[in-house]
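A structural walkthrough
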Amino acid sequence: MENYLAKVASVSVSLGAKPVVSNVSFTILHGQLTAIVGPMGSGKTSLAKALAGRLFRTGDVWFQSRNPDKRAHVMLVEQQHHFKNRSNLSDFYLQQRFNSSDCEDAYTVEEELVGLELGDWVALFELEGLLKRPLIQLSNGENKRLQIVKSLAYQPDWLILDNPYVGLDVNGREVLTKGLLSLQARGIYFILVSSPGDVPDFINQIIELPYPLQENEKPIPLLRPLNPFQVAVKMEKVQITYGTKTILQDFTWEVKRGERWAIKGPNGAGKSTLISLITADNPQAYSQNLTLFDRKRGSGESIWDIKRMIGYVSPELHLYFKEGGSCFSVVASGLFDAQGLFKRVNEEQIVQVNHWMQVMGVAHLTERSFTQISGGEQRMVLITRALVKNPELLILDEPCQGLDGVQTDRLKTVLDYLAAQSEMTLLYVSHYDRDIPSCVNQVLELKRL
């Protein structure tokens, strides 16, 4: 084994009775920086957990240790992040990120790191400026860097990093890359698990998992008339602060019916806060000059009156989505704007759900448990959930995170079709121009204050 840094031989993984990874073999030599890639549903995350000893596997796995007398210490840094607040709760909900009282109950980054042997990892991963920030307010990229630093405090020999670059802006990718490239000089190695489009340039060995077999149906989406309104969103001199931090200042913006906007900006520029004002998840919306669907916010409408008009997907929604039923029930819950199917669906709604699952290429997951499918498959099911009611306003916040190229192209094709056939209003948040459908023709660029 002395010529290898790592050797994986004939590794297979099953979830229940279903094989998800079959007969994977590869070696890592000195100087090789390795990424495991594959399409959605190919078993990347399951393989990552198995390599880190978190899932049962067959086959042989060997990693080099800095201490030849001990087995290598391998740690998995998961794509989704979890933490507890001062009330010792870890079961959060989406709106808490935007609620000042919940932020006060959240630990800060500094408190999360108390008692850990950190060395200079905080500086290398540029967390110094975040130490006083509540955990619940961290962006996707900031939280990933925090999870890596926490793992490094336990002095691992290897890190298995599940999709660390997903959702990062250009600066976030540069900071993460600099931190990762500093590891090997300290005798710490890593393997990236990634979608093919998120592999950084420094990777020089790619292990590709095969495409899973599945159905390939895509009939024409069902459409229905939209409710009449002229202005979907109107904000005038909006000001949002959390404690002493200002996120949006004197912000004015208008989205008319049928417009399709891309929303861009670095992590921390306020994209998620902006969306939360529209989706009725941010309590500060009541104190702002905000109009939704021609109606001033706070004029008697309920949260559910607003959500009925909106289809929505975001990394935060994915993180906090707790539904453990079938993928069919997850999609059907979008008809009722609920996390869980608490109402009986009628025959027409069953047809509608099945139709959209075929449209989006997830019909083969109908009876599968939502919690037992891959992260990319979960994201595609949640997108289908957002589309199933043909919403007046569709908000897709980084929808392509975890999707492979085939599924990203499928989503863009469906959106372009809907835009051509209806007056659907679209807000599309993305760091990557390649993920934005061609129907988008207006851009809102947010700056970090």
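Please read these numbers as outputs of a predicted model, since none were measured by experiment.

Moving on, we come to the overall build of the protein. A count of helices and strands for the protein gives 13 helices and 17 strands. The 449 residues of the protein split such that 59% are buried. Sequence separation of 24 or more characterises 72% of the internal contacts of the protein that already satisfy a separation of 6 or more. As presented, the protein carries roughly 19,300 Å² of accessible surface, and 49% of it is formed by carbon and sulfur atoms.

Together, Tyr-286, Ile-303 and Trp-304 make up a nonpolar patch on the protein surface, roughly 330 Å² of accessible area in all. On the secondary structure map, Trp-304 appears in helix H8 (residues 303-307).

One open sheet holds the four strands; their spatial order is S10-S9-S12-S13, and the pairing between them is antiparallel. Sheet topology places strand S10 (245-256) and strand S13 (295-296) at the edges, where each strand pairs with a single neighbour. As paired strands, strand S9 (residues 231-242) and S10 are joined by eight bridges and run antiparallel to one another. The partner of Val-233 across the bridge, within S10, is Val-255. The strands touched by helix H7 (residues 271-278) are S9, S10 and strand S12 (289-292); relative to S9, the strand with the most contacts, the crossing angle is about 125°.

Mapped onto the fold, Lys-412 is located in helix H13 (residues 405-421). Buried within the structure, Lys-412 lacks any salt-bridge partner; its nearest side chain of opposite charge belongs to Asp-409, at an N-O separation of 4.3 Å. Those residues in contact with Lys-412 that lie beyond four places of it in its chain are Arg-434, Asp-435, Ile-436 and Pro-437.

The next point concerns the packing of aromatic side chains. Throughout the structure, instances matching the rule amount to eight aromatic pairs. With 6.2 Å between their ring centres and 85° between their planes, Phe-190 and Phe-202 make a pair best called edge-to-face. Note that Phe-190 is positioned in strand S7 (residues 189-194) and Phe-202 in the loop between S7 and strand S8 (205-208), a separation of twelve residues in sequence. Assessed through its relative accessible area of 15%, Phe-202 is described here as buried. Note on Phe-321 and Phe-370: the rings are 5.5 Å apart at their centroids and 65° apart in plane angle, and the pair reads as edge-to-face. Of the two residues, Phe-321 sits in the loop between helix H9 (315-320) and helix H10 (327-333) while Phe-370 sits in the loop between helix H11 (347-359) and helix H12 (375-387), which places them 49 residues apart along the sequence. Of the two residues examined, Phe-321 and Phe-370, each falls in the buried class. Feature note: the residues Phe-63, Trp-158 and Tyr-189 constitute an aromatic cluster, connected by ring pairs. A cation sits over an aromatic face here: Arg-434 above Tyr-432, 4.5 Å from the ring centre.

A few words on the side chain of Lys-271. Within the fold, Lys-271 resides in helix H7. Buried charged residue Lys-271 carries no salt bridge. Nearest counter-charge: Asp-169, at 5.9 Å. At 3.1 Å, the side chain of Lys-271 forms a polar contact with the backbone oxygen of Pro-266. Aside from chain neighbours lying at most four places away, what touches Lys-271 is Ile-263, Lys-264, Gly-265, Pro-266, Val-429, His-431 and Leu-446.

Turning our attention to unusual backbone geometry. One can expect most non-glycine residues to show negative phi and most peptide bonds to be in trans. Despite not being glycine, Asp-250 shows a phi value in the positive range, around 45°. One non-glycine residue, Phe-293, lies in the positive phi region at around 55°. Looking at the element boundaries, Phe-293 is found in the loop between S12 and S13.

It is worth spelling out the pattern of salt bridges at this point. What the rule picks out here adds up to 15 salt bridges. Between Lys-264 and Asp-433 there is a salt bridge, and its shortest N-O distance comes to 2.6 Å. Taken as a pair, Lys-264 in strand S11 (residues 260-264) and Asp-433 in the loop between strand S16 (425-429) and strand S17 (442-445) lie far apart in primary sequence, 169 residues in all. One connected set of salt bridges, linked through shared partners, spans Arg-173, Asp-198, Arg-434 and Asp-435.

Of all eight residues making up helix H1 (residues 44-51), six are buried, and the element is well covered by its neighbours. Phi turns positive, to about 80°, at Gly-53, one or two residues after H1.

What follows covers the nonpolar core. Residues Trp-253, Ile-278 and Met-360 are the most contacted members of the largest nonpolar core, which totals 77 residues. Those residues within four positions of Ile-278 in sequence are excluded, and the remaining contacts are Val-233, Met-235, Trp-253, Leu-292, Ile-306, Ile-310, Leu-393, Ile-395 and Leu-427. Core analysis: the second largest hydrophobic core is formed by 33 residues, Ala-35, Met-75, Leu-127 and Phe-202 among them.

This next bit is on the packing of H11 against H13. Interhelical geometry of H11 versus H13 gives an angle of 120° and a closest axis separation of 11 Å. As far as their axial angle goes, H13 and H11 are oblique. When H11 is examined against H13, the residues Trp-356, Gln-358 and Val-359 are found in contact with a partner set consisting of Arg-410, Val-414 and Leu-418.

Calculation rules
- Residues numbered from 1 in each chain as written.
- Predicted model: local features only at pLDDT ≥ 70, side-chain atom pairs only at ≥ 80, totals over all residues.
- Heavy atoms only, no water.
- Helix = DSSP H or I, 4+ residues; strand = E, 2+ residues; numbered from the N terminus.
- Buried < 20%, exposed > 50% of the residue type's maximum accessible area, 1.4 Å probe, protein only.
- Contact = heavy atoms within 4.5 Å.
- Areas by Shrake-Rupley, 256 points an atom, 1.4 Å probe, with all protein chains shown as cover.
- Patch = residues over 30% accessible without salt bridge, like charges linked within 9 Å, V, L, I, M, F, W, Y side chains within 5 Å.
- Salt bridge = Lys/Arg side-chain N within 4 Å of Asp/Glu carboxyl O.
- Pairing = 2+ DSSP bridges.
- Axes fitted to C-alpha atoms, helices over the stretch in contact; angles between N-to-C directions.
- Lys, Arg positive; Asp, Glu negative; His and termini not counted.
- Phe/Tyr/Trp six-rings, centres within 6.5 Å; stacked < 30°, edge-to-face > 60°.
- Lys NZ or Arg CZ within 6 Å of the ring centre and 35° of its normal.
- Polar contact = N/O pair within 3.5 Å; in protein donor to acceptor, adjacent residues only side chain to side chain.
- Core = buried A, V, L, I, M, F, W, Y, C linked by side-chain atoms within 4.5 Å.
- Parallel < 35°, antiparallel > 145°, perpendicular 65-115°, else oblique.

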